[in-house]
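# Chains, contacts and geometry: an overview
One letter stands for each residue in the lines below.
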Amino acid sequence: MSPQPQAAVGAPLSRVDGVLKVTGRAEYAAEHDLKGVAHAVIVDASIGRGRIRSIDTRAAEKHAGVLRVIHHGNAPKLPYRDNAGSNNPAGRRLRVFQDDKVLFHGQPVAVVVATTLEAAQHGASLVKVRYDAEQPSTDITKAKPGEPTPYARGDAEAGLRSSAVRLDLKYELARNHHNPMEPHATVARWDGNKLTVWDKTQWVMGTHDEIAAVFDLPADAVRVINPFVGGGFGSGLRCWPHTIVAALAARVTRRPVKLVLSRKQMYFGTGFRPAYEYRLRLGSDRRGRLNAAIHDIDHETSSYETFFEAVLGTGQMMYSMPNVRQAYRQVPLDVNTPIWMRGPGFAPASFVIESAMDELATELGIDPIELRRRNEPAEDESTNEPFSTRRLSECYTVGAREFGWDRRNPKPRSTREGNLLIGLGMAAGAYDCGRYPGQARARLDADGTAVVEAATTDMGPGTYTSQTQVAADALGLTMRTVTFRLGDSEYPFTSPHGGSSTMASVGSAVVDACNKVRQQAIKLAVEDRESPLYGVNADDVVVRNGRLHDRNNTVRGETYKSLLARHDRSHLEANGSYEGPGSERSAYFAYSATFAEVSVDADLGLVRVRKMLGVYDAGRIISPKLADSQAIGGIVGGIGQALLEHTVTDHRDGRIVNSSLADYLVPVNADVPEIKAIYLDGEDNAGNLLGVKGLGEVVQVGVAAAIGNAVYNATGRRIRQLPITAEALL
Ligand code: MOS
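Residues numbered from 1 in each chain as written. Predicted model: local features only at pLDDT ≥ 70, side-chain atom pairs only at ≥ 80, totals over all residues. Heavy atoms only, no water.

## Looking at the overall build of the chain
If you tally the helices and strands in the chain, you get 16 helices and 32 strands. For a compact globule of 730 residues, the expected C-alpha radius of gyration is about 27 Å, and the chain comes in at 27 Å, within 12% of that figure. With the principal axes as the frame, the chain shows a C-alpha extent of 80 × 75 × 50 Å. Within the chain, the fraction of its 730 residues that count as buried is 62%. Across the chain, every contact between residues at least 6 apart in sequence was considered, and the portion connecting residues at least 24 apart equals 82%. Carbon and sulfur atoms provide 49% of the accessible area of the chain, an area that totals close to 27,600 Å². Computed over 85 positive and 85 negative side-chain charges, the separation of the two mean positions in the chain equals 2 Å. (Helix = DSSP H or I, 4+ residues; strand = E, 2+ residues; numbered from the N terminus. Rg over C-alpha atoms; globule rule 2.2 N^0.38 Å. Buried < 20%, exposed > 50% of the residue type's maximum accessible area, 1.4 Å probe, protein only. Contact = heavy atoms within 4.5 Å. Areas by Shrake-Rupley, 256 points an atom, 1.4 Å probe, with all protein chains shown as cover. Lys, Arg positive; Asp, Glu negative; His and termini not counted. Charge placed at Lys NZ, Arg CZ, Asp CG, Glu CD.)

## Quick notes on the sheet that holds strand β11 (residues 194-199)
What the 7 strands build is an open sheet, ordered β3-β6-β1-β13-β10-β11-β12; its pairing is mixed. Edge positions in the sheet fall to β3 (66-71) and β12 (222-225), since each has one partner strand and no second. On average, each strand axis in the sheet is tilted by 20° relative to the strand beside it, whichever way the strands run. As defined by bridge partners, strand β1 (residues 38-44) adjoins strand β6 (residues 108-114) across 6 bridges and the pair is classed as antiparallel. Note that in β6 the partner of Val43 across the bridge is Ala110. Packing against the sheet, helix α5 (residues 204-215) makes contact with β10 (185-191), β11 and β12, and its axis sits at approximately 145° to β12. (Pairing = 2+ DSSP bridges. Axes fitted to C-alpha atoms, helices over the stretch in contact; angles between N-to-C directions.)

## Points about the sheet that holds strand β24 (residues 547-550)
Taken together, the 3 strands give an open sheet; going across it, the order is β23-β24-β25, and neighbouring strands pair in antiparallel fashion. The sheet is open, and its two borders are formed by β23 (541-544) and β25 (553-559), each paired with just one other strand. On average, each strand axis in the sheet is inclined to that of its neighbour by 35°, with strand direction left out of account. As defined by bridge partners, β23 adjoins β24 across 4 bridges and the pair is classed as antiparallel.

## Examining the packing of helix α14 (residues 624-643) against helix α15 (residues 703-715)
Between two packed helices, what matters for the description is the angle formed by their axes and the separation of those axes. For the pair α14 and α15, the least separation of the axes is 8 Å and the interaxial angle reads 55°. Between α14 and α15, the interaxial angle falls into the category oblique. Once α14 is placed against α15, the crossing between them reads as right-handed. Each of Gly634, Ile635, Gly638, Ile639, Gln641, Ala642 and Leu643 in α14 lies in contact with α15, whose residues at this interface are Val703, Ala704 and Ile707. (Parallel < 35°, antiparallel > 145°, perpendicular 65-115°, else oblique. Left-handed = near helix turned anticlockwise from the far one by under 90°.)

## Regarding the UniProt feature "domain: Aldehyde oxidase/xanthine dehydrogenase a/b hammerhead" (unreviewed entry) in the chain
Residues annotated in UniProt with the feature "domain: Aldehyde oxidase/xanthine dehydrogenase a/b hammerhead" (unreviewed entry) correspond here to residues 23-135. Its end C-alpha atoms 49 Å apart, residues 23-135 is made of 13% helix and 33% strand. (UniProt positions renumbered as here; feature names shortened; annotations may be inferred.)

## Concerning α14
Note: α-helices contain 3.6 residues per turn, so residues at a spacing of three or four share the same orientation. End to end, α14 covers 28 Å across 20 residues, agreeing with the expected 28 Å (1.5 Å per residue, within 8%). Across the 20 residues that make up α14, a large majority, 14, are buried. (Expected span 1.5 Å × (residues − 1).)

## Observations regarding the side chain of Arg273
Among the structural elements, Arg273 can be located in the loop between β13 (257-260) and β14 (276-284). Buried and unpaired, Arg273 has no salt bridge, with Glu309 as the nearest side chain of opposite charge at 5.2 Å. For Arg273, the side chain forms a polar contact with the main-chain oxygen of Met341, separated by 3.3 Å. Of the polar contacts made by the side chain of Arg273, one reaches the backbone oxygen of Arg342; its length is 2.9 Å. Residue contacts for Arg273: discarding those within four places in its chain leaves Arg175, Asn176, His178, Ile339, Met341, Arg342, Gly343, Pro344, Ala347, Pro348, Gln641 and Gln700. (Salt bridge = Lys/Arg side-chain N within 4 Å of Asp/Glu carboxyl O. Polar contact = N/O pair within 3.5 Å; in protein donor to acceptor, adjacent residues only side chain to side chain.)

## Quick notes on the environment of Ile622
Assignment of secondary structure puts Ile622 in the loop between β28 (607-617) and α14. Measuring from C-alpha to C-alpha, the distance between Ile622 and Gln469 comes to 7.7 Å, with 153 residues separating the pair along the chain. With residues near it in sequence (within four places) discarded, Ile622 still touches Ala8, Val9, Gly10, Ala11, Ser466, Gln469, Val470, Met503, Leu690 and Val692.

## What to know about the packing of aromatic side chains
Applying the stated criterion across every chain yields a total of 15 aromatic pairs. Centroid distance Phe104 to Tyr304: 6.3 Å. Interplanar angle 20°. Geometry classified as stacked. Of this pair, Phe104 sits in the loop between β5 (101-102) and β6 while Tyr304 is found in the loop between β15 (290-302) and β16 (305-306), placing the two residues 200 residues apart along the sequence. Both residues of the pair, Phe104 and Tyr304, belong to the buried class. Connected via pairs of aromatic rings, a cluster forms that spans Phe346, Phe387, Tyr431, Phe589 and Tyr591. Over the aromatic face of Phe272 sits the side chain of Arg175, whose NZ or CZ is 3.7 Å from the ring centroid. One residue, Arg390, lies across the ring of Phe387, its end atom 4.9 Å from the ring centre. (Phe/Tyr/Trp six-rings, centres within 6.5 Å; stacked < 30°, edge-to-face > 60°. Lys NZ or Arg CZ within 6 Å of the ring centre and 35° of its normal.)

## What to know about unusual backbone geometry
Note the cis peptide between Leu722 and Pro723, where omega equals -5°. As for its placement among the helices and strands, Pro723 is situated in the loop between β32 (721-722) and α16 (726-729). The phi torsion at Ser86 lies on the positive side, around 60°, for a residue other than glycine. Position of Ser86 among the secondary structure elements: in the loop between β3 and β4 (90-91). In the Ramachandran plot, Asn545 falls in the positive-phi region, its phi being about 50° despite a non-glycine side chain. Among the secondary structure elements, Asn545 is positioned in the loop between β23 and β24. Accessibility expressed as a relative area gives 59% for Asn545, which makes it exposed.

## Digging into the pattern of salt bridges
In this structure the tally under the stated criterion is 46 salt bridges. Between Arg53 and Asp132 there is a salt bridge, with its nearest N and O atoms 3.0 Å apart. You can see Arg53 sitting in strand β2 (residues 50-56) and its partner Asp132 sitting in strand β7 (residues 128-133), a full 79 residues away along the chain. With a relative accessible area of 39%, Asp132 lands in the partly exposed category. A salt bridge links Arg93 to Glu210, with the nearest nitrogen and oxygen atoms 2.7 Å apart. Of this pair, Arg93 sits in the loop between β4 and β5 while Glu210 is found in helix α5, placing the two residues 117 residues apart along the sequence. Summarising the burial analysis for this pair, Arg93 and Glu210 share the class buried. Here the salt bridges share partners, and the residues they tie into one network are Arg407, Glu417, Glu597 and Arg610.

## Re the packing of helix α11 (residues 463-475) against helix α12 (residues 502-526)
One can describe the packing of α11 onto α12 by two numbers: an axis separation of 8 Å at closest approach and a directional angle of 30°. By the angle class used here, α11 and α12 are roughly parallel. In this structure, α11 crosses over α12, and the sense of that crossing is right-handed. Facing α11, whose interface residues are Thr463, Ser466, Gln467, Val470, Ala471, Ala474 and Leu475, α12 presents Thr502, Met503, Val506, Gly507, Val510, Val511, Cys514, Asn515, Val517 and Arg518.

Written out as structure tokens, the structure reads:
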């Protein structure tokens, strides 16, 4: 098979769905209109733990327009079949309206269904719930952790004792919420025993399987549709209780039902990045060669499910050292279950490790980049596997040059502009990009256009555009003549749209399907006496702009259109698949080096980020313009994690006190300075057809540490907590 010319891949194209989005024609879940749709509003538990003593629905039911109030006293029993898939963590998932228990503040205790949204909202305010309240446990520093997940190599205790330089550092990381612009929402419609839902999700297949399990429906009785997502960052990686509530409400009322979470409900109706307590002990020799690390890591989970994230990887593979011990414990609290959030596991771990590396560099009087270079591993020391590619050193070199690292005075508080203290910092990052099984279908029509389908999602990275690029090149068509469709559980199966996996996984399936279609066409041509390509070796035929030709003689060729017309074929079609990385043994990570310049008001402790640079080893870049929006978005997310984002719980009753975008701070334009992203040229051919690694997560990993290290360089103050607040710096 001759390699196809790459015309679309690598080009800085604008989003193919951009016009739909900016003109309001892209339809999000809550915007799906159905005739006769009823509106549902959830009544949230107003205690943090306990039992429902009684629910008085009389006033609500009398309110004009209210159709029904559903709660544990009148809801049908739901099967809740076991479902180990769908990203459900170990445990017993929350079963909506199945008993009188309250497990966390904000848990759905009833739903009011009405003919209008206003009637449902007012009806919900009229439902009187009485509780037997108990004291909830929501403070990670005061609760009993679960059993540790351990990891060890060498003898970390002995290694630490024998180290010439030792650090013992404790970090506290705040809980963060994703806060996508689009709220989570579900529209549910039953047609007899068949259920269709329009749902905000990052994984239509996972939501499909969960709904089928909860209602005990056969797979073909459920369809999940989700063509557009207004941001996710991980919040859509599982099916949350409100989706079940909407489907249940539609079944009980025999009407289609729309349920949209309020902004407030987004803080307990969906998951979050858990709060962490992280103690790191680090030992090195006087030249900065690491000898030992001991990680004691605790984070929140709910009382009913044990949430895991990949927080151990960074400490195992980032730097070379013989002795590592880790203990990772989940602390069950009376909260809802956390979920992955951008750079899951790696973003929290890298804040700790990269901040500690900066402390070690200071302690030793070594440049932080030089310290990292001295500990660069030759292989993944946790598995003894070679790295597929690891070009972190080049990231340092390029970053230092482009950022002007030589401007940095290593002595803190040495650069001032009036009352502002100026500091520079950097941090490394890695992310274990996913490669998951997936499928795609490609169809080339007689008019020379093509449609490619896969059940994946586009939460914002530009999947529509980037998959169209790879499909167009594999088919030899222009961008305009290829349509990529996604977000429907009836399309070919894909794994979750998360973990920076989509291009490697879905992209490989798309290329496979398109290659098969192209080869079908080539075979038709070279075996056809009437084709100008008759007798040409199939391996010598390439397709460009919809025209097949001999790569050695471009005059010799014909279009898909004439070929299909002559053969009286309405279309050619093929299914493609990607099985995952296979048996090849390599450690496959994307890398980043992030640089930050900050100013800190010497009197007020106010931190302003002035300039950020990210340098990425992320394999082949399919779409440079979309990559830039990923990098900018990831760095903005990292600025939030570093300086602003903090979900605050009132431990007296388990209430989240800043459940609004006015009180939960995210970066606004004024907080976002000049951001630049650079991608190392090249590709990583470990187990995917495209040479990509994945970019969406690694762009956030290390950002908070780079900012924290810059704050130290500016002020001489080490703040071992996130977010780094003005009051902590006073
Ligand atoms: Mo990302 S946390 O995998 O949506």
